[in-house]
Amino acid sequence: MPIKAARVYHDGKLVRELGADEAIPEDCDEGDFFWLGLYEPTPGELAAIAKRFGLHPLAVEDALKANQLPKVEAYGDQLFVITRTANLDGDTIQPGETAFFLGPHFFVSVRHGSARTHTDVRARLETLPAKLAHGPDYVLYAILDFIVDGYFPVIDAIEDRLLLVEDSVMDTPLDAAEIRHLYAQRHEIIRFQRFVGMMKEVANSLATDDDLPNIDAAVRPFFRDIWDHVQRAEFRLSGLRDIAASVIETNGMLEQQRQGVITRQLAAWAAILAVPTAIAGIYGMNFEHMPELGWTFGYPLIVGAMATICAGLYWRFKSIGWL
Amino acid sequence: MPIKAARVYHDGKLVRELGADEAIPEDCDEGDFFWLGLYEPTPGELAAIAKRFGLHPLAVEDALKANQLPKVEAYGDQLFVITRTANLDGDTIQPGETAFFLGPHFFVSVRHGSARTHTDVRARLETLPAKLAHGPDYVLYAILDFIVDGYFPVIDAIEDRLLLVEDSVMDTPLDAAEIRHLYAQRHEIIRFQRFVGMMKEVANSLATDDDLPNIDAAVRPFFRDIWDHVQRAEFRLSGLRDIAASVIETNGMLEQQRQGVITRQLAAWAAILAVPTAIAGIYGMNFEHMPELGWTFGYPLIVGAMATICAGLYWRFKSIGWL
Amino acid sequence: MPIKAARVYHDGKLVRELGADEAIPEDCDEGDFFWLGLYEPTPGELAAIAKRFGLHPLAVEDALKANQLPKVEAYGDQLFVITRTANLDGDTIQPGETAFFLGPHFFVSVRHGSARTHTDVRARLETLPAKLAHGPDYVLYAILDFIVDGYFPVIDAIEDRLLLVEDSVMDTPLDAAEIRHLYAQRHEIIRFQRFVGMMKEVANSLATDDDLPNIDAAVRPFFRDIWDHVQRAEFRLSGLRDIAASVIETNGMLEQQRQGVITRQLAAWAAILAVPTAIAGIYGMNFEHMPELGWTFGYPLIVGAMATICAGLYWRFKSIGWL
Amino acid sequence: MPIKAARVYHDGKLVRELGADEAIPEDCDEGDFFWLGLYEPTPGELAAIAKRFGLHPLAVEDALKANQLPKVEAYGDQLFVITRTANLDGDTIQPGETAFFLGPHFFVSVRHGSARTHTDVRARLETLPAKLAHGPDYVLYAILDFIVDGYFPVIDAIEDRLLLVEDSVMDTPLDAAEIRHLYAQRHEIIRFQRFVGMMKEVANSLATDDDLPNIDAAVRPFFRDIWDHVQRAEFRLSGLRDIAASVIETNGMLEQQRQGVITRQLAAWAAILAVPTAIAGIYGMNFEHMPELGWTFGYPLIVGAMATICAGLYWRFKSIGWL
Amino acid sequence: MPIKAARVYHDGKLVRELGADEAIPEDCDEGDFFWLGLYEPTPGELAAIAKRFGLHPLAVEDALKANQLPKVEAYGDQLFVITRTANLDGDTIQPGETAFFLGPHFFVSVRHGSARTHTDVRARLETLPAKLAHGPDYVLYAILDFIVDGYFPVIDAIEDRLLLVEDSVMDTPLDAAEIRHLYAQRHEIIRFQRFVGMMKEVANSLATDDDLPNIDAAVRPFFRDIWDHVQRAEFRLSGLRDIAASVIETNGMLEQQRQGVITRQLAAWAAILAVPTAIAGIYGMNFEHMPELGWTFGYPLIVGAMATICAGLYWRFKSIGWL
Ligand SMILES: [Mg+2]
Ligand SMILES: [Mg+2]
Ligand SMILES: [Mg+2]
Ligand SMILES: [Mg+2]
Ligand SMILES: [Mg+2]
Ligand SMILES: [Mg+2]
Ligand SMILES: [Mg+2]
Ligand SMILES: [Mg+2]
Ligand SMILES: [Mg+2]
Ligand SMILES: [Mg+2]
Ligand SMILES: [Mg+2]
Ligand SMILES: [Mg+2]
Ligand SMILES: [Mg+2]
Ligand SMILES: [Mg+2]
Ligand SMILES: [Mg+2]
Ligand SMILES: [Mg+2]
Ligand SMILES: [Mg+2]
Ligand SMILES: [Mg+2]
Ligand SMILES: [Mg+2]
Ligand SMILES: [Mg+2]
Ligand SMILES: [Mg+2]
Ligand SMILES: [Mg+2]
Ligand SMILES: [Mg+2]
Ligand SMILES: [Mg+2]
Ligand SMILES: [Mg+2]
Ligand SMILES: [Mg+2]
Ligand SMILES: [Mg+2]
Ligand SMILES: [Mg+2]
Ligand SMILES: [Mg+2]
Ligand SMILES: [Mg+2]
Ligand SMILES: [Mg+2]
């Protein structure tokens, strides 16, 4: 059953919970307020609700299909909002999206993907009838607050992983697996950042647009607070993106530096070892007339000369920092 | 014949199809509406229609020449719109462009390049006279929706190809052919992204500009929906561009990492093998007085020394991670 | 003589051509219109005209000195416009600039650098008295159209050259001369792009600014068309810039890939050849007691062992893709 | 005790200091003004003050939790401001943040992290009753001025460190430790720059927004001066960021240049030394019939030939700049 | 004495020069106008003038301290302007800044750093009483024009130096000294560009802001001309920055291309020389039973084989472009 909860309130106080198969009553008094929570409904299930509340077909279509982008849209006296959610399920990030329909007397949420139900938010609000009496705008605020609060553990988790890589890059060059992991992380940050940017626009529009139906001026400072929290999420994500870019650059620079060091060492040792090889090659030639070969101290003399030249070169390379 | 279809409607209901060579009737009642679909017309063919409907010469010129950029322009009480299309023909992407003239009583489309006719859209609309009775604005919406829906299979195809390259880069360095292919893909994405950006402006202008002739307020939410879908196309393209950039960077970084590994291995083996070569060179010299050469165990001793030094170096390089 | 042409029109019809040394008549009737075309005039030559038409000293100064940037400026009831031209003279791009003064009864153009006279534009307009009767705004449109049309052959030429380099980069690494040429091309594109960007602002201001003197509302759609064409030029230049950047990046990536391949090949062959060298060195030592040297099949055995090891290494490197 | 100071003023003159445990008096005359300074208060401590002055719960929440971003917010007739501080404590940069509540008759500051008390600012203001009589806006200005003045020693310190690295990079390639340090510095600059950007918005809003409660027009030029100083801080930070980027790029380019030099030297010496090795190898072969071996001057001839070829190659490489 | 000149004008005509120690007269008629030029005054010296003319303390503070950024600020009926100067003193660029106070009856300039006095501007203006009668706005224009004209020789000098490096990079890789120089140049361009950007804002604000005190509408076109010249300076600087970036990129790409060429050459020669070395090593072994050693033509045969293989390899590498 996609309807997770359907309750009727009057002046902020819970009247009753609708049955699983019960139709939504057609008539509704001044202080009445319906709050419906749906999870991945089928077109047919949503159609009944759309008919009862007069939801706009374009909005219904968007609420049914996943992969929508965050937005706020007015349809006559109704408001339609799409948000993106993200929360941590153990070690993996779970993306989701939730759509909201706001009318003068109803609030309908349609969740996709996200495993976090709104049960706790609802329970807390039911203890605050004065707040609930505000109607759909305050409910929207409470759920947006809940959604945005869910971003921070995700950001913390990404940060923790990234700082591990940052430490590692300083000691040894990243291996191929770490490089792949790093790019995957950065990808995730960029995608998250874009959704957060759009959520900021949603919050901004709710906090500042006078013309939105069902959003009272008294509730607007609360949406400004949402904006504020989203901005903080964006700020932290942009810092993480900087770190990721920095780690990539640092690794490149350190790898270049390490190769520079090895190139110099390699060149130095090649030069040092080429000397005895060349000299030995010469005295390995089979000419009949090579006077040095007959000298009694020819051998120690030549080996001594080799050692002296090698030591001299070694000292030379040491002093210019190649070894 | 460039005129693919020319039909007359009254209050949203089809009256009749004009004959291939029939002139467009000069007189037209209040509820009458002409819908003409042209494919790559010659200047002469369009001139007759332009004369009948009083189309502006600058707009006619733009509709005739290909390679225009998407835009919305008002000429008096008429509206002129240019769009870019893209659809998949087997494996290749087929670009095209379509221009639209909207008057109070007519809708004229001029297609270039695109093989997708509007036949299906038209057939569906003819089953909905209440919609068709809206006139040219609703027809424009239906065709824009059809055009923008055509973007997504193209984006899916590009994504599929790109994800193949992304997998491949993680295992082996890209070869020259893959590098070329990758750059070609990225080029295609960038070009597509630009057109989509301009299409977003077209949809935005149709959804928000109060002053456009022949666009009624009631139809504007539909253009906002078009905007929304175009934005989703743009969002996905920008993600694909990120992936392409990421693949390029990752490949560069992995190639650098691989060269670092090989440089270190090469240096280690060069050092290890230089030792027996140098020692063998020395004992290959032809000095008469080299006492070691006469020792009974000189040969195994020296070979043992070589092996010991090589093993020591090998262990050393192994422990610092060069081998 | 810097005055290329000076003609008087009445109600759009040519009255007469002023003589080379003839002063501009002081009096002028309602339908009269002077069109003067100057080419690199001296300060003195322009001063006489400035005095006659009351041109602003700052505008005159700008028209005399070359290297101005495109702009539109109002001085009282007069309009001053600076444009940049570019056309192809054989194989080389010829930059130029042209300034325009527009008053209620006159149109003065001052060309610098450009070899393209306005003779053809003028001749065509003289056949359309109804257009010419619009006065200076329509003349400005006609000449701007002529200038902007001149951009496209230049862009085509740059594109042709660039596509040659793009093909070449895919086969062999760019040599030094091609690298230099590529950077020079990109430089040219960037500079052109900037002028075109300013030209777009000029066209935009002429098409949308209500307050510009001597620009009638009826002519404004024509300037919007100019804007449109300039935008297309900008669009193509930005595409060319992308191609140039792409070629540079591709070349870098292919060069890196090629060096990776060679590094691996070099390392493999160095390893393969080090084996016989080391073994031969050992059996080239002059120890008296080396039993293998006395074996009848010692030589073929050792050479066989060398060949086996080399073949094994070769096979190994082949299988990991280094050879 | 988190309350660092709580004083009552009348018409800008100090009336008395409230006791540590004294409640804030409920009644307040026209010229009365309360100035409270808090340091990291607990929720309970701030709640009492919030109740007395009617502070908005959302603002109180922000003032209690650290890691807020700079902002200006109006709540009814009250103003809420968050700022970021940075000062130098010996060698390390100490970040902090301070929140301000401004009402018609009170000014409450809540500091987090920062060790710099406002004691000196307060003492100086108490000597200027005419200024203090302005009320909370002037106090806000004085403290913002104090906070922004604190940025400059921090910027000076970063600049000093960076210029040391810049000098060093010109002489020798950066080693791994210096690379790490450089990236850490750049990170710090980027983070600082972002806060400063937000502080500029805070100052701008205080200087230009007519609708902010408790900010009189007469004090606005002082906030413009704050803006000005913040802009100077931003300007210098952006210069430092350029230097850091420049050092990184220069180091990369110099390292590449050095490796180019070494690659050429290595290639040259490898070529020079390969010649005697190859020739000596040939005359080290044990063929029975090698006539040169029997020549009296064969040995000096061959050694002379080796020397000549090596010298020739050396000269050749010298002349093309490889050695 | 910091006061370089203090003169009184009436209706644009010079009345008299004030003595070095003479106080500025307190009374002033309708057409009177004071023009004071100061060079790096002490606080005391400026305080006297500030008192006489009622200058705002914040503006005075800015005028005294160096390192301000260009800006325009209104204080009541007075205007305060800060500008940055740059001029060439032999080969070095001399930065400076100048502040201006404009009141209805006075113009005060305060120069820092710059060695260029305003003597010539003043002398020229004194010959044009009709212009000087405009008052402080025209004087400000004349001096801004003088300051901005000073930018161009500096830009020319930077361009000359940069073009030398650009030529050089095409022939040989940049050495370390040239790399350092190039980065220093680029740094200078970036800093200059930023000041020029702020100067453009200053000119724009003087040319378009209706509300600035002491700037008459009649003088505004002159400030638009200043804007125009500043824009040209910015345009050229941005071109220079492109060149600098291009030189850096080209050098990197050419260095990479050169190393590619050398890597291929090195690999080819290593392969060619490895052949005789390996063969000679084999025939240098001391096995008793090596039949080839006894052949009469063994030696020439083997040397011929070596030469043939080497020539074959040489031809092979030549044909694939490695040699
Ligand atoms: Mg939709
Ligand atoms: Mg949106
Ligand atoms: Mg929250
Ligand atoms: Mg979004
Ligand atoms: Mg908030
Ligand atoms: Mg904001
Ligand atoms: Mg950061
Ligand atoms: Mg056109
Ligand atoms: Mg659709
Ligand atoms: Mg387009
Ligand atoms: Mg647009
Ligand atoms: Mg929509
Ligand atoms: Mg992405
Ligand atoms: Mg000028
Ligand atoms: Mg301009
Ligand atoms: Mg044209
Ligand atoms: Mg524009
Ligand atoms: Mg157009
Ligand atoms: Mg492209
Ligand atoms: Mg690079
Ligand atoms: Mg908050
Ligand atoms: Mg200060
Ligand atoms: Mg802002
Ligand atoms: Mg100041
Ligand atoms: Mg800088
Ligand atoms: Mg300043
Ligand atoms: Mg400024
Ligand atoms: Mg000038
Ligand atoms: Mg500006
Ligand atoms: Mg001008
Ligand atoms: Mg350039």
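All values reported here derive from a predicted model rather than from experimental measurement. (Residues numbered from 1 in each chain as written. Chains lettered and ligands numbered in written order. Predicted model: local features only at pLDDT ≥ 70, side-chain atom pairs only at ≥ 80, totals over all residues. Heavy atoms only, no water.)

### Here we look at the arrangement of the chains
- The two units chain B and chain D never meet; even their closest C-alpha atoms stay 9 Å apart.
- The least C-alpha distance between chain A and chain E, which are not in contact, is 9 Å. (Contact = heavy atoms within 4.5 Å.)

### As for the relation of the copies chain B and chain A
- The two copies are related by a screw operation: chain B maps onto chain A through 72° of rotation and 0.0 Å of translation along the axis, at an RMSD of 0.1 Å. The superposition of one copy onto the other is thereby described by a five-fold rotation axis. If distances are taken from each C-alpha of chain B to the rotation axis, the shortest is found for Gly284(B), at 4.7 Å.
- Comparing interface residues between copies, only 17% of those in chain B also lie at the interface in chain A; the contact surfaces differ. (Least-squares fit on C-alpha atoms with pLDDT ≥ 70 in both.)

### A short note on the pairing of strand β7 (residues 106-112) of chain E
Residue and element names in this part refer to chain E.
- Counting buried positions over the seven residues of β7 gives seven, a clear majority of the element.
- Both strand β3 (residues 32-39) and β7 contribute to a ladder of six bridges, which runs parallel. For Trp35, the partnering residue across the bridge sits in β7 and is Phe107.
- For strand β6 (residues 92-103) and β7, the ladder comprises seven bridges, and the chain directions are antiparallel. What sits directly across from Leu102, in β7, is Phe107.
- Remark: two residues form the turn of the hairpin made by β6 and β7, two consecutive strands paired antiparallel. (Buried < 20%, exposed > 50% of the residue type's maximum accessible area, 1.4 Å probe, protein only. Helix = DSSP H or I, 4+ residues; strand = E, 2+ residues; numbered from the N terminus. Pairing = 2+ DSSP bridges.)

### Some remarks on the domain arrangement of chain A
Residues and elements named next belong to chain A.
- Domain assignment breaks chain A into domain 1 (3-255) and domain 2 (256-319).
- Taking the mean C-alpha position of each, domain 1 and domain 2 sit 73 Å from one another.
- Across the boundary between the two partners, domain 1 contributes nine residues, which contact four residues of domain 2.
- The largest contributions to the domain 1 side of the interface with domain 2 come from Met253, Leu254 and Glu255, which together make up 77% of the buried area.
- In this structure, the connection of domain 1 to domain 2 is made through zero salt bridges. (Domains from an automatic or database assignment. Buried area = accessible area lost by both parts, 1.4 Å probe. Salt bridge = Lys/Arg side-chain N within 4 Å of Asp/Glu carboxyl O.)

### Focus: the packing of helix α1 (residues 43-53) of chain D against helix α2 (residues 57-64) of chain D
Residue and element names in this part refer to chain D.
- The interhelical angle for the contact between α1 and α2, taken along N-to-C directions, is 145°, at an axis separation of 11 Å. The element α1 and its partner α2 pack so that their crossing is right-handed. Here α1 contributes Pro43, Leu46 and Ala50 to the contact with α2, which in turn contributes Val60, Ala63 and Leu64.
- In the contact of α1 with α2, the residues fall into six nonpolar, no polar and no charged. (Axes fitted to C-alpha atoms, helices over the stretch in contact; angles between N-to-C directions. Left-handed = near helix turned anticlockwise from the far one by under 90°. Nonpolar A, V, L, I, M, F, W, Y, C, P; charged D, E, K, R; others polar.)

### Considerations on the side chain of Arg7(D)
Residues and elements named next belong to chain D.
- Mapped onto the elements, Arg7 comes out in strand β1 (residues 3-10).
- A polar contact is formed between the side chain of Arg7 and the side chain of Glu17, at a distance of 2.9 Å.
- Those residues in contact with Arg7 that sit more than four places away from it in its chain are Leu14, Arg16, Glu17, Phe33, Phe34, Trp35, Arg122 and Glu126. (Polar contact = N/O pair within 3.5 Å; in protein donor to acceptor, adjacent residues only side chain to side chain.)

### Remarks on the UniProt feature "transmembrane region" (unreviewed entry) in chain A
- Under the local residue numbering, the UniProt record ascribes the feature "transmembrane region" (unreviewed entry) to residues 266-285 and 297-317 of chain A.
- Across residues 297-317 of chain A, the secondary structure splits into 95% helix and 0% strand, with the terminal C-alpha atoms separated by 30 Å. (UniProt positions renumbered as here; feature names shortened; annotations may be inferred.)

### A word on the relation of the copies chain E and chain C
- Here chain E sits on chain C after a turn of 72° about the axis and a move of 0.0 Å along it, with an RMSD of 0.1 Å.
- The residues that chain E uses at the interface reappear at the interface of chain C in only 16% of cases, marking distinct surfaces.

### Observations regarding the sheet that holds β3(E)
Residue and element names in this part refer to chain E.
- Taken in spatial order, the seven strands of this open sheet run β2-β1-β3-β7-β6-β5-β4, and their pairing is mixed. Looking along the sheet, the strands with just one partner apiece sit at the ends: β2 (13-17) and β4 (71-75). Taking the axes of each pair of neighbouring strands and ignoring which way they run, one obtains an average angle of 20° across the sheet.
- Two elements, strand β1 (residues 3-10) and β2, share four bridges in a ladder whose sense is antiparallel. When the bridges of β2 are listed, Tyr9 appears paired with Leu14.

### What to know about the interface of chain B and chain A
- With 42 residues of chain B at the contact, the number on the chain A side is 50 residues.
- For the chain B and chain A pair, buried surface summed over both sides reaches about 4,100 Å², with 61% attributable to carbon and sulfur atoms.
- When the area that chain B buries against chain A is broken down by residue, the three leading residues are Phe235(B), Met253(B) and Phe287(B), summing to 18%.
- At the boundary of chain B and chain A, one finds five salt bridges.
- In this structure, Arg224(B) and Glu73(A) form a salt bridge, with 3.5 Å as the shortest nitrogen-oxygen distance.
- Summed over the shared surface of chain B and chain A, the result is 18 residue pairs in polar contact (both at pLDDT 80 or more).
- Of the residues in the side of chain B that touches chain A, the class split is 18 nonpolar, 15 polar and nine charged.

### Structural notes on the interface of chain E and chain C
- Across the boundary between the two partners, chain E contributes 43 residues, which contact 50 residues of chain C.
- Roughly 4,100 Å² of surface becomes buried between chain E and chain C when both sides are summed, with 61% attributable to carbon and sulfur atoms.
- Summed over the shared surface of chain E and chain C, the result is five salt bridges.
- Taking the shortest distance from any N to any O, the salt bridge between Glu249(E) and Arg186(C) comes out at 3.4 Å.
- Between the two partners, chain E and chain C, sit 18 residue pairs in polar contact (both at pLDDT 80 or more).
- Taken together, the elements giving at least two residues each to the side of chain E that touches chain C come down to α6 (151-171) and α8 (220-283) of chain E.
- In terms of residue count, α8(E) provides more of the side of chain E that touches chain C than any other element does, 30 residues in total.
- Classifying every residue of the side of chain E that touches chain C gives 18 nonpolar, 15 polar and ten charged.

### Side note on helix α3 (residues 119-126) of chain B
Residues and elements named next belong to chain B.
- Those residues of α3 not exposed but buried are Val121, Arg122 and Leu125. Along α3, the residues classed as buried sweep out an arc of 95° about the axis, all on the same side.
- Turning to α3, the residues buried within the fold contact β1 (3-10), β3 (32-39), α4 (129-132) and α5 (136-149). (Arc of directions from axis to C-beta.)

### Quick look at the packing of helix α6 (residues 151-171) of chain B against helix α7 (residues 176-208) of chain B
Residue and element names in this part refer to chain B.
- The N-to-C vectors of α6 and α7 enclose an angle of 150°; their axes lie 11 Å apart at closest approach. With respect to their mutual orientation, α6 and α7 come out roughly antiparallel. Two packed elements cross with a definite hand, and for α6 against α7 that hand is left-handed. Here Tyr151, Val154, Ile155, Ile158, Arg161, Leu162, Val165 and Ser168 of α6 lie close against α7, whose contacting residues are Glu178, His181, Leu182, Gln185, Ile189, Phe192, Val196 and Met199.
- Considering only residue class, the contact of α6 with α7 consists of eleven nonpolar, three polar and two charged. (Parallel < 35°, antiparallel > 145°, perpendicular 65-115°, else oblique.)

### Observations regarding the pairing of strand β5 (residues 78-89) of chain B
All names here are of chain B.
- The buried count for β5 comes to ten of twelve residues, which makes it a mostly enclosed element.
- Where strand β4 (residues 71-75) and β5 come together, five bridges link them in antiparallel fashion. Among the inter-strand pairings, Glu73 is bridged to a residue of β5, identified as Phe80.
- Connecting the antiparallel pair β4 and β5 is a turn made up of two residues, with Gly76 showing a positive phi of about 60°.
- Here β5 folds back onto strand β6 (residues 92-103), and the loop between the two strands holds two residues, one of which, Gly90, carries a positive phi near 65°.

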